[in-house]
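The lines below spell out each chain.
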Number of protein chains: 2
Amino acid sequence: MARIVTIRTVAEHAGCSIATVSRVINRSAPTSTEVETRVRAAITALGFRPSEIGRALKTLRMRTLGVVIPSLMNPVFAASVAGMEAAARERRHTLLLTATDYEAGREAELVETLVAQNVAGLILTVADADENPTLDMLDAEHIPYVLIHNEPVRTRRAAVCVDNAAATFALTGAMIAAGHRRIAYLAGRFSTSDRSRRRHEGYAAAMTAAGLTAEAPVELDYLSDVPGHAEALAGLFLSPGRPTAALCSNDLLALSVAGALRDLGLGVPADVSLAGFDGIALGHVMNPTLATVDTPTRRMGERAVEMLFAMLEDDAPPRVEHLPFTLRPGGTLAAAPADAVSVPCSPVSNP
Amino acid sequence: MARIVTIRTVAEHAGCSIATVSRVINRSAPTSTEVETRVRAAITALGFRPSEIGRALKTLRMRTLGVVIPSLMNPVFAASVAGMEAAARERRHTLLLTATDYEAGREAELVETLVAQNVAGLILTVADADENPTLDMLDAEHIPYVLIHNEPVRTRRAAVCVDNAAATFALTGAMIAAGHRRIAYLAGRFSTSDRSRRRHEGYAAAMTAAGLTAEAPVELDYLSDVPGHAEALAGLFLSPGRPTAALCSNDLLALSVAGALRDLGLGVPADVSLAGFDGIALGHVMNPTLATVDTPTRRMGERAVEMLFAMLEDDAPPRVEHLPFTLRPGGTLAAAPADAVSVPCSPVSNP
DNA sequence: CTGTTAGCGCATTCAC
DNA sequence: GTGAATGCGCTAACAG
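Notes on the structure in this doc start here. Only a predicted model underlies this, so the values are computations on that prediction, with no experimental measurement involved. Per chain, residues are indexed from 1 in the order of the written sequence. In the order they appear in the text, chains get letters beginning with A and ligands get numbers beginning with 1. Under the rules for a predicted model, residues below a pLDDT of 70 receive no local features and side-chain atom pairs below 80 are neither given nor counted, while totals for whole chains, interfaces and linings still include all residues. Excluded from the side-chain calculation are hydrogens and water; included are all heavy atoms of the structure.

### Examining the protein's contact with DNA strand C
Worth spelling out the cut-off: By convention in this text, a residue qualifies as near a molecule or strand provided that one of its non-hydrogen atoms is within 4 Å of it. Distance and chemistry together define a polar contact, namely a pair of N or O atoms within 3.5 Å, with one atom able to donate a hydrogen and the other to accept it when in protein, and with adjacent residues in sequence counting only for side-chain atoms on both sides. Each helix is a run of H or I in the DSSP string that is no shorter than four residues. Each strand is a run of E no shorter than two, and both are numbered from the N terminus. Side-chain classes follow a simple rule in which Ala, Val, Leu, Ile, Met, Phe, Trp, Tyr, Cys and Pro form the nonpolar group, Asp, Glu, Lys and Arg form the charged group, and the remainder, Gly included, forms the polar group.
Residues in contact with DNA strand C amount to 26 residues; listed here are only the nearest, Ile 7 and Ser 51 of chain A together with Thr 20, Arg 23 and Ser 32 of chain B. The sugar-phosphate backbone supplies 56% of the atoms of DNA strand C found within 4 Å of the protein. A distance of 3.0 Å separates a phosphate oxygen of DNA strand C from a polar atom in the side chain of Ser 22 of chain A. One nitrogen or oxygen atom from the side chain of Thr 20 of chain B is found 2.6 Å from a phosphate oxygen belonging to DNA strand C. Every element with two or more residues in the surface near DNA strand C is listed here: helix H1 (7-14), helix H2 (18-26) and helix H4 (52-59) of chain A together with helix H2 (18-26) and helix H4 (52-59) of chain B. Among the residues making up the surface near DNA strand C, the classes are represented as 12 nonpolar, 9 polar and 5 charged.

### Quick word on the protein's contact with DNA strand D
The full set close to DNA strand D counts 25 residues, and Thr 20, Arg 23 and Ser 32 of chain A together with Ile 7 and Ser 51 of chain B are the nearest of them. Within 4 Å of the protein, the contacting atoms of DNA strand D are 58% sugar and phosphate, with bases supplying the remainder. A distance of 2.6 Å separates a phosphate oxygen of DNA strand D from a polar side-chain atom of Thr 20 of chain A. Taking Lys 58 of chain B, its side chain carries an N or O atom lying 3.3 Å from a base oxygen of DNA strand D. Looking at the surface near DNA strand D, the elements with two or more residues in it are H2 and H4 of chain A together with helix H1 (7-14), H2 and H4 of chain B. Considered class by class, the residues forming the surface near DNA strand D number 11 nonpolar, 9 polar and 5 charged.

### Some thoughts on the interface of chain B and chain A
Heads up, the rule is: For this analysis, residues touch if any pair of their heavy atoms sits within 4.5 Å. Reported buried area values correspond to the accessible surface (1.4 Å probe) lost by two parts on association, with both partners' losses combined. By definition here, a salt bridge exists when the distance from a side-chain nitrogen of Lys or Arg to a carboxyl oxygen of Asp or Glu is within 4 Å.
Between chain B and chain A, the residue contacts involve 51 residues of the former and 50 residues of the latter. Between chain B and chain A, roughly 4,500 Å² of surface is buried when both sides are summed, and carbon and sulfur atoms account for 64% of that area. Where chain B meets chain A, there are 4 salt bridges. Between Glu 112 of chain B and Arg 49 of chain A there is a salt bridge, with its nearest N and O atoms 2.6 Å apart. Here chain B is connected to chain A by 14 residue pairs in polar contact (both at pLDDT 80 or more). Sorting the residues of the side of chain B that touches chain A by element identifies H4, helix H5 (75-90), strand E2 (94-99), helix H6 (107-116) and helix H12 (281-285) of chain B as the ones contributing at least two each.

### Things to note about helix H9 (residues 194-209) of chain B
All names here are of chain B. Note the following rule: Expected span of a helix: the number of residues minus one, times 1.5 Å. The buried label goes to any residue with under 20% of its type's maximum accessible area, the exposed label to any with over 50%, and the partly exposed label to all in between, with areas taken from a 1.4 Å probe on protein chains only.
Compared with the 22 Å implied by 1.5 Å per residue over 16 residues, the 22 Å span of H9 between its first and last C-alpha is a close match. The set of residues buried in H9 consists of Asp 194, Arg 195, Ser 196, Arg 198, Arg 199, His 200, Gly 202, Tyr 203, Ala 204, Ala 206 and Met 207. For H9, the elements touching its buried residues are H5, helix H8 (164-177), strand E6 (183-187) and strand E8 (245-248). Phi for Gly 211, located one or two positions after H9, is positive at around 75°.

### Topic: the side chain of Thr 168 of chain B
Residues and elements named next belong to chain B. Here Thr 168 shows up in helix H8. Classification of Thr 168 as buried rests on a relative accessible area of 0%. There is a polar contact of 3.2 Å between the side chain of Thr 168 and the backbone oxygen of Ala 165. Discounting residues that sit within four places of it in the chain, Thr 168 has contacts with Arg 198, Arg 199, Gly 202, Tyr 203, Leu 247 and Phe 277.

### Quick notes on the environment of Ala 116 of chain A
Mapped onto the fold, Ala 116 of chain A is located in helix H6 (residues 107-116). Leave out the neighbours within four places in its chain, and Ala 116 of chain A touches Arg 49, Pro 50, Ser 51, Glu 52 and Ile 53 of chain B.

### Here's the deal with the packing of helix H8 (residues 164-177) of chain A against helix H9 (residues 194-209) of chain A
All names here are of chain A. Put simply, the test is: Lines fitted to C-alpha atoms define the axes here, with helix axes fitted over just the stretch in contact, and angles between the N-to-C directions of these axes take values from 0 to 180 degrees. Here roughly perpendicular refers to angles of 65 to 115 degrees, roughly parallel to angles under 35, roughly antiparallel to angles over 145, and oblique to all remaining angles. A crossing counts as left-handed when the near helix is turned anticlockwise from the far one by less than a right angle, and as right-handed when that turn is clockwise.
H9 packs onto H8 with a crossing angle of 40° between their chain directions and a minimal axis gap of 7 Å. Considering their axes alone, H8 and H9 lie oblique with respect to each other. Relative to H9, the crossing made by H8 is right-handed. Mapping the contact onto sequence places Asn 164, Ala 165, Thr 168, Phe 169, Thr 172, Gly 173 and Ile 176 in H8 and Arg 195, Arg 198, Arg 199, Gly 202, Tyr 203, Ala 205, Ala 206, Met 207 and Ala 209 in H9.

What follows is the structure, given as structure tokens:
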């Protein structure tokens, strides 16, 4: 099961010491060409592969990056991890992958598990990047990490994300421009997360700038639970003076909200306009197409790894890097009914 | 960066030997309650976490499972990995994740990398499960592994998959029942893969059973390269007596083929009916919905891990486990034009 | 019940 | 340019 060929076997086979074999493998010191060829021959003949365990025990650092994300079932995180994997592979590292299934309580344990494996560094998406004892622990132990999708504001932590507030500000602006006056904000799991909070801030800023009323987030408990959502949304969307539009904190939520609204007998976008956030492929092919904010998720994963290595090798200081987003128009965002538009409001422009 | 507190630190702090600390941690031998409480106190006080490296050096086995898949950008593999991660986590293991980006040539190197990390076992999707030197090597070294999505037929290897031939047999039967007589088979990357081969076999068997002509697979080189596909498909679908239906070897390919056909001015399903394979969520929401074979991808990932642990712990013999699939009807598969139906054919039933 | 000790595979001194 | 020796953190065998 485990390889029986060790550095010692190679040394015997090549008629030299294990130190010399190590030198040949790592080019850590000059060796005579004659010995080197003998060693290399022995290595290939025996099919020897240096144990990462042995090396790590000595160097106290595995060539792995620990990853913690909410779930791979969300294409946003799948794409991020794909980007991380490619970037890590370029640097001869592999990913140690774990998922919280959207339970913030699991973060601490998963991080501990990864740290126990002596990962070179960590890439994380957490519920809250500012108020987070696990991250405090990593800081205290000087274990390098980069957040992804999170947007820390109060703390000095490395992160790769989009400017969530600016994105929802723009998206809300587009809804207002389409004549919507009462716009609901729907949040999914992680509703108390930093990025969800930032997204709501952008929405609220745009509403206020237009002289409209920003509403508190409506929290929907479970992803993809369409029947549950229909029930939760009935009160809001079947009442008089109901919202004519809803901004969802992410695309997956927008999809199930669309289903829930249809279950309530409401048309999208005929009765309610809808927009999401992330830019998953699903939104492109559904009918009508989903209006959303397109984010470079795969690229974010690559950047997170690049940033982590910069910290690892060049001792780069932690910083928040914002990657560009684009507004993606879609069929779910249509003009508001004429009676709704009649409500006065001020024009909105970017801050 | 690395933890400075070792089992020795704990031993000193608790006033006992490192062996006793080890015993407390692993419950590998009885210890007096008094010493145990002292040790546990020391562990929490010092924030000690046993190094997986140290343990692995001794046991020659890390609590990790090596994973090799083509790409996380394909939701099929993302879901599989999500299932693996959950099942592995239940057993206190983590995944070491790598991807080939659909380049079979990378398989060997990635597997070597994972083996060098002393993974407990491997879960792989390879290009060819039967003719595969890398798998031969794993067999020779008695390193346990389970294939996923692959369907080995000639070799005795552990695998979790659906019955690809039966699935395409049924799917092709549905197309024939809808009146289609000339049905093309389109294969994406990995076109020489075992599962693609098995899928084509099922298609060919159904065609032959109906007295129709089975065609060789049309190989499309790149995923999602719609313009390239349009060019490659023009000859086939713009000719007289052209196919009225096409069976694609997977859903992602079906999506880009749908785009290519529309670029050629052909309606789906008005001019050409289409079906895929896998059952990705995209197919559900696109318009028209995609006819396909629904496969339990997440469950397959879980089963692969369960099977691997059965081999690891109970020395279970390698076997191929088929998980159930279902035909998913969809708008892309419609009745053939009347003139096409007039071609005679025999009724098809399952073999 | 507990302590001592010998490695696991490797990198890295320090001699030569 | 090379080899012998040491220790990384831990488990397990053996003594007590």
